[in-house]
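These are the residues of each chain, in order.
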Amino acid sequence: MSTTTLLLARHGQTTWHAENRYAGISDVALTDTGVAQAEALGRWAAAHPVDAIWTSPLSRAVLTAAPAARALNLTPHTEPALRECDFGVLEGRTLAEFETENPGAAEAFRSDPVAHAFPESEDPLTAAERGTAALHRIAAAHSGERVLVVAHNTLLRLVLCRLLGIPLGEYRRVFPQLRNAAVSEIRMAPGGTAFLSLNVPV
């Protein structure tokens with residue numbers, strides 16, 4: 001495998017994210033702002049062409065990738081392992097709401113979100129492994145090419161930490177947020193991953 005460039009994009013804003021609610025495996029609709037962000041990503045892709053597009057199966061990612069696919073006349077590939085983490089009892093809720101019920105658990109999460117993940121949530125270690133394996137498969141399938149990957153905030157931050165050798169428990173500190181429909185660029189090669197940019201506006 002030669003070097004593959006992956007352009008990682010978080011999906012557009014959703015109705016829950018507008019209120020800072022956790023949307024993991026829940027299939028939540030894009031807001032009008034999210035649709036506009038998807039269209040902007042499509043215009044960016046038209047000016048910075050890619051050879052392939054891969055998305056999470058969740059509709060917010062699929063719909064965010066659609067304008068880019070139309071602009072480049074590409075058929076997106078769907079990768080189930082790119083889905084967002086399951087946030088358990090936090091699905092559809094804010095951290096502030098959770099904190100009023102269980103301040104100790106909320107504080108433990110803030111101190112180490114991997115060691116103290118939300119109750120009933122997916123193990124962040126498992127999410128990091130599945131997401132990282134998915135990017136390795138995509139890079140191998142598109143050796144030497146440029147690929148747009150549309151996925152999710154927490155999953156991509158965990159994967160970036162795994163690829164770059166950063167402790168997973170630091171993902172919220174090192175990568176406070178992947179902005180909606182912004183692009184972060186990495187290059188994957190047999191010797192490792194290079195991190196080129198974060199949250200580039202489209």
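Residues numbered from 1 in each chain as written. Predicted model: local features only at pLDDT ≥ 70, side-chain atom pairs only at ≥ 80, totals over all residues. Heavy atoms only, no water.

Caption draft 1: Representation of the overall build of the protein chain within the structure. From N to C terminus, the protein chain includes 7 helices and 6 strands. The C-alpha extent of the protein chain, read off along each of the three principal axes, is 50 × 40 × 25 Å. Residue burial in the protein chain is summarised as follows: out of 202 residues, 50% are buried. The long-range fraction of contacts in the protein chain, counting pairs at least 24 apart against all pairs at least 6 apart in sequence, stands at 70%. (Helix = DSSP H or I, 4+ residues; strand = E, 2+ residues; numbered from the N terminus. Buried < 20%, exposed > 50% of the residue type's maximum accessible area, 1.4 Å probe, protein only. Contact = heavy atoms within 4.5 Å.)

Caption draft 2: Local environment of the environment of I138. For I138, the location among the structural elements is in helix α5 (residues 124–141). On the basis of relative accessible area, I138 is assigned to the buried category, the value being 1%. Residues I138 and N199, 61 residues apart in the sequence, show an inter-C-alpha distance of 21 Å.

Caption draft 3: Main features of the pattern of salt bridges. Tallying each qualifying case throughout the model produces 10 salt bridges. With a closest N to O distance of 2.8 Å, R21 and E19 form a salt bridge. The salt bridge involving E129 is made with R162; its shortest N-O contact spans 2.8 Å. Here the residue E129 occupies a position in helix α5, and R162 occupies one in helix α6 (residues 153–164), the gap between them amounting to 33 residues. Note on R162: relative accessible area 32%, which makes it partly exposed. By sharing partners, the salt bridges in this structure join E19, R21 and E97 into a single network. (Salt bridge = Lys/Arg side-chain N within 4 Å of Asp/Glu carboxyl O.)

Caption draft 4: Layout of the side chain of T94. As for its placement among the helices and strands, T94 is situated in the loop between β3 (77–78) and α3 (95–101). Here the side chain of T94 touches E97 through a polar contact of 3.0 Å, landing on its backbone nitrogen. With sequence-adjacent residues up to four places away left out, T94 is seen in contact with E19, N20 and R21. (Polar contact = N/O pair within 3.5 Å; in protein donor to acceptor, adjacent residues only side chain to side chain.)

Caption draft 5: Quick peek at the sheet that holds β3. What the 6 strands build is an open sheet, ordered β3-β2-β4-β1-β5-β6; its pairing is mixed. In the strand order of this sheet, the two ends are held by β3 and β6 (192–200), each with one partner. Alignment of strand β1 (residues 4–10) against strand β5 (residues 183–189), held across 6 bridges, turns out to be antiparallel. When the sheet's bridge partners are listed, T5 is paired in β5 with R187. (Pairing = 2+ DSSP bridges.)

Caption draft 6: Up close: helix α1 (residues 32–47). Between the first and last C-alpha of α1 there are 23 Å, a value that for 16 residues agrees with the 22 Å anticipated at 1.5 Å per step. All of the buried residues along α1 are G34, A38, A40, L41, G42, W44 and A45. Close packing links the buried residues of α1 with β1, α2 (59–72), β4 (146–151) and β5. (Expected span 1.5 Å × (residues − 1).)

Caption draft 7: Highlighting the nonpolar core. The biggest cluster of nonpolar side chains holds 38 residues, and the ones touching the most others in it are L6, L8, F118, L135, L158 and I186. Of all the secondary structure elements, the ones that give two or more residues to this core are β1, β2 (52–55), α3, α4 (103–111), α5, β4, α6 and β5. The residues contacting L158, other than those within four sequence positions of it, are C85, V114, P124, A127, A128, L168 and Y171. One finds L7, A9, V150 and V183 within the second-largest nonpolar core, a separate group that totals 15 residues. (Core = buried A, V, L, I, M, F, W, Y, C linked by side-chain atoms within 4.5 Å.)

Caption draft 8: Geometry of the pairing of β6. In this sheet, β6 lies alongside β5 in antiparallel orientation, the contact comprising 6 bridges. When the bridges of β6 are listed, M188 appears paired with T193. If you look at the hairpin formed by β5 and β6, you'll find 2 residues sitting between the two strands.

Caption draft 9: Here's a closer look at the side chain of H142. Within the element layout of this structure, H142 appears in the loop between α5 and β4. Given the relative accessible area of 11%, H142 is considered buried. Excluding residues within four positions of it along the chain, H142 makes contact with T4, A52, W54 and V147.

Caption draft 10: The packing of aromatic side chains, seen in detail. According to the stated counting rule, one finds 5 aromatic pairs in the structure shown. Between F109 and F118, the aromatic rings sit 4.1 Å apart at their centres with planes inclined by 25°, giving stacked as the arrangement. Look at F118 and you get buried, because its relative accessible area is 5%. On the basis of an interplanar angle of 90° and a centroid distance of 5.8 Å, the ring pair of F175 and F195 is categorised as edge-to-face. (Phe/Tyr/Trp six-rings, centres within 6.5 Å; stacked < 30°, edge-to-face > 60°.)

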